[in-house]
Amino acid sequence: MDIDDDKRAEAARAVVAGTLNLARRLRAERPPGTLSPGRLAILGYLRRTGGASPGEVAAAHRIQPQSVTRILAGLEEAGLVQRSPCPGDGRKVVLQLTPAGRAALTDGVHHGEDWVDHAMAATLTPAEIQLLAIAGRLLNNIADWS
């Protein structure tokens, strides 16, 4: 079944609006002193990849190398990531999560998941929750598209 351009554009607007609104609310619900969504995203990337160079982190998150360098320095200072020489090229470094970084990532993600879980339980039907689970997977597919 084909969908016309107007209906697809309307769906795109709804997805973007809903995503931005949810991101805003998750930021507002974040307890003081917890990591920002950007820092959590970088820790999550390092967990998924097992380690990466600063350049790879910058490219994956589409941010300037100077910006990622500042973020990574803060994460390293907090003991959440550690630098090691790259096995294939000792001139380069690889950043990896520390145990404290894994714990901070878990805590940050679980807080958001808990808030969303409570909000879903309070506002959605079981069928809507199942639909939202499918939508979550589809949103990830869109986010991974290049």
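Residues numbered from 1 in each chain as written. Predicted model: local features only at pLDDT ≥ 70, side-chain atom pairs only at ≥ 80, totals over all residues. Heavy atoms only, no water.

Student: Tell me about the side chain of Ser 53, and name the residues and values.
Tutor: Secondary-structure assignment places Ser 53 in the loop between α2 (37–49) and α3 (54–61). Judged by relative accessible area, which is 18%, Ser 53 ranks as buried. Every residue in contact with Ser 53, bar those within four places of it in the chain, is listed here: Val 93 and Leu 95. (Helix = DSSP H or I, 4+ residues; strand = E, 2+ residues; numbered from the N terminus. Buried < 20%, exposed > 50% of the residue type's maximum accessible area, 1.4 Å probe, protein only. Contact = heavy atoms within 4.5 Å.)

Student: Outline a nonpolar patch on the surface, supporting the account with residue identities and numerical values.
Tutor: Taken together, Val 15, Leu 139 and Ile 142 make up a surface patch of nonpolar side chains, about 250 Å² in accessible area. Position of Ile 142 among the secondary structure elements: in helix α6 (residues 126–144). Relative accessible area serves as the criterion here: at 57%, Ile 142 is assigned to the exposed category. (Patch = residues over 30% accessible without salt bridge, like charges linked within 9 Å, V, L, I, M, F, W, Y side chains within 5 Å. Areas by Shrake-Rupley, 256 points an atom, 1.4 Å probe, with all protein chains shown as cover. Salt bridge = Lys/Arg side-chain N within 4 Å of Asp/Glu carboxyl O.)

Student: Kindly report on unusual backbone geometry, identifying the contributing residues and their values.
Tutor: Even without being glycine, Arg 62 reaches a positive phi, approximately 55°. Within the secondary structure, Arg 62 is located in the loop between α3 and α4 (65–77).

Student: An account of helix α1 (residues 5–29) is needed here, citing residue identities and associated values.
Tutor: With 25 residues, α1 ought to run about 36 Å at 1.5 Å a step, and its terminal C-alpha atoms sit 36 Å apart, in line with that. Two to three positions downstream of the cap, the backbone nitrogen of Asp 6 sits 3.1 Å from a side-chain oxygen, assigning the N-cap of α1 to Asp 4. (Expected span 1.5 Å × (residues − 1). Polar contact = N/O pair within 3.5 Å; in protein donor to acceptor, adjacent residues only side chain to side chain.)

Student: So what's going on with the side chain of Thr 98? Residues and values would help.
Tutor: Structurally, the position occupied by Thr 98 is in the loop between β2 (93–97) and α5 (99–123). Owing to a relative accessible area of 10%, Thr 98 belongs among the buried residues under this scheme. The residues contacting Thr 98, other than those within four sequence positions of it, are Gly 79, Leu 80, Val 81 and Gln 82.

Student: Please provide a residue-by-residue account of the packing of α3 against α4, values included.
Tutor: Look at α3 against α4: their axes get within 9 Å of each other, and the N-to-C directions meet at 115°. With respect to their mutual orientation, α3 and α4 come out roughly perpendicular. Crossing angle aside, the handedness with which α3 passes α4 is right-handed. Contact with α3, carried on its side by Pro 54, Val 57 and Ala 58, involves Pro 65, Val 68 and Leu 72 of α4 and no other residues of that element. Grouping the amino acids of the contact of α3 with α4 by side-chain chemistry returns six nonpolar, no polar and no charged. (Axes fitted to C-alpha atoms, helices over the stretch in contact; angles between N-to-C directions. Parallel < 35°, antiparallel > 145°, perpendicular 65-115°, else oblique. Left-handed = near helix turned anticlockwise from the far one by under 90°. Nonpolar A, V, L, I, M, F, W, Y, C, P; charged D, E, K, R; others polar.)

Student: Could you give me a rundown of the pattern of salt bridges, with the residues and numbers involved?
Tutor: Under the criterion given, the structure shown has three salt bridges. The partner of Asp 5 in a salt bridge is Arg 8, with the nearest N and O atoms 2.9 Å apart. Placement of both Asp 5 and Arg 8 in helix α1 is noted, with a separation of three residues, approximately one turn of the helix. Given the relative accessible area of 54%, Asp 5 is considered exposed. Take Arg 8: its relative accessible area is 45%, and that puts it in the partly exposed class. A salt bridge links Glu 76 to Arg 83, with the nearest nitrogen and oxygen atoms 2.7 Å apart. Residue Glu 76 is classed as partly exposed on the basis of its relative accessible area, which comes to 29%. Its relative accessible area of 35% is what places Arg 83 among the partly exposed residues.

Student: Any details on the environment of Val 15? Residues and values, ideally.
Tutor: Checked against the element boundaries, Val 15 lands in helix α1. The partly exposed category is assigned to Val 15, whose relative accessible area is 35%. Between the C-alpha atom of Val 15 and that of Ala 135, which follows or precedes it by 120 residues, the distance is 9.7 Å.

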